[in-house]
Amino acid sequence: MTSRTLRQSQVSATIDHIGEDLLQNIVGRLPATSFASAACVNRSWNLVCDRVLSRPKLASACSFNPSLQDAVEEVVNKVLSDPIRPHFAIASVAGYYYEDALGDARQLINAALGTHVPVIINRPHGIIGRDAISDEFKEIEWYNPTDEIDAIMLIVGFLPGLKAKIIPLLKQVQEQRAVMIDEFVTDIRDFSTSVSGCNSPAAVIMMSDSCYESIKDAIEKLDYAMSPETVVVGNPSSQFRCTNDAQFGTSAAVALVFAVDMNKPPGIGETQFHAVLSSGLSPVGPTYKATSVNGNNYTTRITARREGSGEHIDGETILNQAYDEIGDPDQYHALLIGVTKKREYSIGQENVGCMTSLAFHGVPWSSQGDFYVPGGALKTGDAFRLYHTGSTTALSSAAAVSSHLRSFNQGSNNTTDGDKIEVFGGLIFTSPDIFSLGQPDINSTPFLDNFPGVTLGGNFCSSVIGRRVLTPYVKESHEQMVRCCVHFDCSVFLIMCYTPLA
């Protein structure tokens, strides 16, 4: 034995004499990088480190440093200040308007976390999270690029018992687009099957740099193809970059897919994902059924009849009645049309099936009384209803969501054998200014009030993806469920829970 090996053996033996409990207490206070080094000392130290990180963990931080490099350093240092093994990372970048700022942020984060960690960088309409320096929770939103400030939000997750992978939705010419959507859905299914044995993953977080109308087909088909248990959330209208830079510019969207590992180590409990919606939308007027739809790329002339009535009404009359009910001309721009439609779907060579869904579209005011609904979105026979945004509705919905989130705490107190359902983190995707009250952190309040001290991060977006959410404007019929996956003027919370083994 060499003198160096002897000294290492003596040091290791001396430290081992302190006992596993004290060692666990010590390594549990280390920053992530030092913690990773401690786990490599020997087998016994590795087992101790595994006990420290036996449960899932989420860490997040924001920085408002005008230097992108310094801002990334601040948020990375904060999220790695405690033990964590990053399994994925999501960063939202604002400002820093120079060529390929998102690419630079991706490279800096990958260099800090490791190139093996799936990372998505996006540019939203605002960021939500806790300041890395002051520890103050902040919601920062803007309405146009001139209002933006330099800022970055980073969220890093450790999810034992799950595996994560970024899967792209590749672009193609218009006539072949459905084929690429099928491949996107198939890739998600194949990854989930290889990891869990089930073709539907536990959760999907999507980012897209296309507008909602161009990405809705993929979201609807993903909804059709996935099992009811799969939660999907995200931002369908933001620029993005991701770990695999070779696919930059060739992807219309990316999905961060989480699948349960069928070979997870013994002793690992169950991680669950729940999506909850807080909406500011209120219905205006009755539900109509379209009896005639004619239009072009700019307008849609319709006639319709109210449910239960044989009288036909034109689009101008429907709009005027809605404006009269709202009673405030300033609300005209906020009108949305919700179309309930039954469409056929299939994946590849699979048999064709049907799905009934609700899709929202903006209704710009027109002096000629015309609707503008994107091509094919409204067809003869579809049911539709108008909606508008109101702060009263938003506040009422937020209160209902807060009450629902409270049930997670109640559930944890009612479990047996000392095991608790633990909410260990959350993401929020929210529309700007749905409350119009100017109160700080109002969008995040339902989560912060119920889970103080629990990590929450997110961003503002013009529309929000939320599958399998509690949706107040969708009701189940006797025949089938009406689904809605893309929402406006709302907040969607992704709640991450963990139940330890009994």
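Residues numbered from 1 in each chain as written. Predicted model: local features only at pLDDT ≥ 70, side-chain atom pairs only at ≥ 80, totals over all residues. Heavy atoms only, no water.

As for the overall build of the protein chain
Selection rule: We count a stretch as a helix when DSSP gives it H or I for four or more residues in a row; a strand needs E for two or more, and each element gets its number in order from the N terminus. Three exposure classes are used, based on accessible area relative to the maximum for each residue type with a 1.4 Å probe and protein chains only: buried under 20%, partly exposed in between, and exposed over 50%. Two residues form a contact once any of their heavy atoms are found within 4.5 Å. Method for areas: the Shrake-Rupley scheme with a 1.4 Å probe, in which residue coverage is limited to the protein chains shown.
Helix and strand counts for the protein chain stand at 11 helices and 23 strands. The 502 residues of the protein chain split such that 51% are buried. Taking as baseline every contact in the protein chain between residues at least 6 positions apart, the subset at least 24 positions apart corresponds to 80%. Only carbon and sulfur atoms are counted for the fraction: they give 49% of the accessible area of the protein chain, which is about 22,600 Å².

Description of the pattern of salt bridges
Test applied: In what follows, salt bridge is the name for a side-chain nitrogen of Lys or Arg lying within 4 Å of a carboxyl oxygen of Asp or Glu.
Applying the stated criterion across every chain yields a total of 11 salt bridges. In this structure, the salt-bridge partner of aspartate 223 is arginine 467, at a minimum N-O distance of 2.5 Å. Residue aspartate 223 is found in helix α8 (residues 212-225), and its partner arginine 467 is found in strand β21 (residues 464-467); the two are separated by 244 residues along the sequence. For the residue pair aspartate 223 and arginine 467, the accessibility class agrees, reading buried in each case. Three or more residues joined by partner-sharing salt bridges are found here, namely Asp223, Arg467 and Arg483.

Digging into the pairing of strand β5 (residues 137-141)
The test is simple: Should DSSP find at least two bridges between two strands, the strands are taken to pair.
Taken together, the 5 bridges between strand β4 (residues 126-130) and β5 define a ladder with antiparallel strand orientation. Bridge pairing in β5 places isoleucine 127 opposite isoleucine 140. Between β4 and β5, which pair antiparallel and follow one another directly, the connecting turn spans 6 residues, one of which, aspartate 135, has a positive phi of 65°.

Here's the deal with the sheet that holds strand β13 (residues 281-295)
Our working rule: Interaxial angle, 0 to 180 degrees, is taken between N-to-C directions of lines fitted to C-alpha atoms, where a helix line uses only the stretch in contact.
Spatial ordering of the open sheet is given by β15-β14-β13-β18-β16-β17, a layout of 6 strands whose pairing is antiparallel. A single partner strand is all that each edge strand has here, and the edge strands are β15 (312-314) and β17 (353-362). When the angles between neighbouring strand axes are averaged without regard to direction, this sheet yields 40°. Here strand β16 (residues 336-345) runs beside β17; their pairing, made up of 10 bridges, is antiparallel. Among the inter-strand pairings, leucine 336 is bridged to a residue of β17, identified as glycine 362.

Considering the environment of valine 284
Considering the arrangement of structural elements, one finds valine 284 in strand β13. Residue valine 284 is classed as buried on the basis of its relative accessible area, which comes to 2%. Separated by 37 residues in the primary sequence, valine 284 and glutamine 321 place their C-alpha atoms 8.9 Å from one another. Setting aside anything within four residues of it in sequence, one finds valine 284 in contact with Ala322, Glu325, Ile326, Leu335, Arg385, Leu386, Tyr387 and His388.

Observations concerning helix α4 (residues 43-52)
Using the following cut-off: Note that the arc is defined by the directions from the helix axis to the C-beta atoms.
All buried positions along α4 are accounted for by Trp45, Val48 and Cys49. Down the axis of α4, the buried set is contained in an arc of 100°. They therefore lie on one face.

Focus: the packing of helix α5 (residues 68-79) against helix α6 (residues 101-113)
Basically, it comes down to this: When an angle is under 35 degrees it counts as roughly parallel; over 145 it counts as roughly antiparallel; between 65 and 115 it counts as roughly perpendicular; any other value is oblique. A clockwise turn of the near helix away from the far one marks a right-handed crossing, whereas an anticlockwise turn of less than a right angle marks a left-handed crossing. Side-chain classes follow a simple rule in which Ala, Val, Leu, Ile, Met, Phe, Trp, Tyr, Cys and Pro form the nonpolar group, Asp, Glu, Lys and Arg form the charged group, and the remainder, Gly included, forms the polar group.
At their nearest, the axes of α5 and α6 sit 10 Å apart, and the two run at 40° to each other. Taken together, the axes of α5 and α6 are oblique relative to one another. Like other packed secondary-structure pairs, α5 and α6 cross with a definite hand, here right-handed. Within the contact between the two elements, α5 uses Leu68, Gln69, Val72 and Val76 and α6 uses Ala101, Asp104, Ala105, Leu108, Ile109 and Ala112. Among the residues forming the contact of α5 with α6, the class breakdown is 8 nonpolar, 1 polar and 1 charged.

Focus on the sheet that holds strand β11 (residues 251-260)
Judged by pairing direction, the sheet is mixed, and its 6 strands sit side by side in the order β7-β11-β8-β9-β21-β22 without closing on themselves. With partners counted over all chains shown, the strands left at the sheet margins are β7 (162-170) and β22 (486-487), one partner each. Bridging between β7 and β11 involves 9 bridges; their strand directions are antiparallel. Considered in β11, the bridge of leucine 170 is made with serine 251.

A few points about the packing of aromatic side chains
Rule in force here: Ring geometry is summarised as follows: Phe, Tyr and Trp rings, the Trp one being its six-membered ring, pair when their centres sit within 6.5 Å, and such pairs are stacked at plane angles under 30 degrees, edge-to-face over 60 and tilted between the two.
Taken as a whole and judged by the stated rule, the model has 7 aromatic pairs. When the ring of phenylalanine 360 is compared with that of tyrosine 387, the centres are 5.2 Å apart and the planes differ by 80°; the resulting orientation is edge-to-face. Highlighted residues: phenylalanine 360 in strand β17 and tyrosine 387 in strand β18 (residues 383-389), separated in sequence by 27 residues. Each member of the pair, phenylalanine 360 together with tyrosine 387, is buried. For the ring pair phenylalanine 408 and phenylalanine 451, a centre distance of 6.5 Å and an interplane angle of 75° mean the geometry is edge-to-face. With a gap of 43 residues between them, phenylalanine 408 in helix α10 (residues 391-413) and phenylalanine 451 in the loop between α11 (445-450) and β20 (455-460) connect regions that are remote in the sequence.

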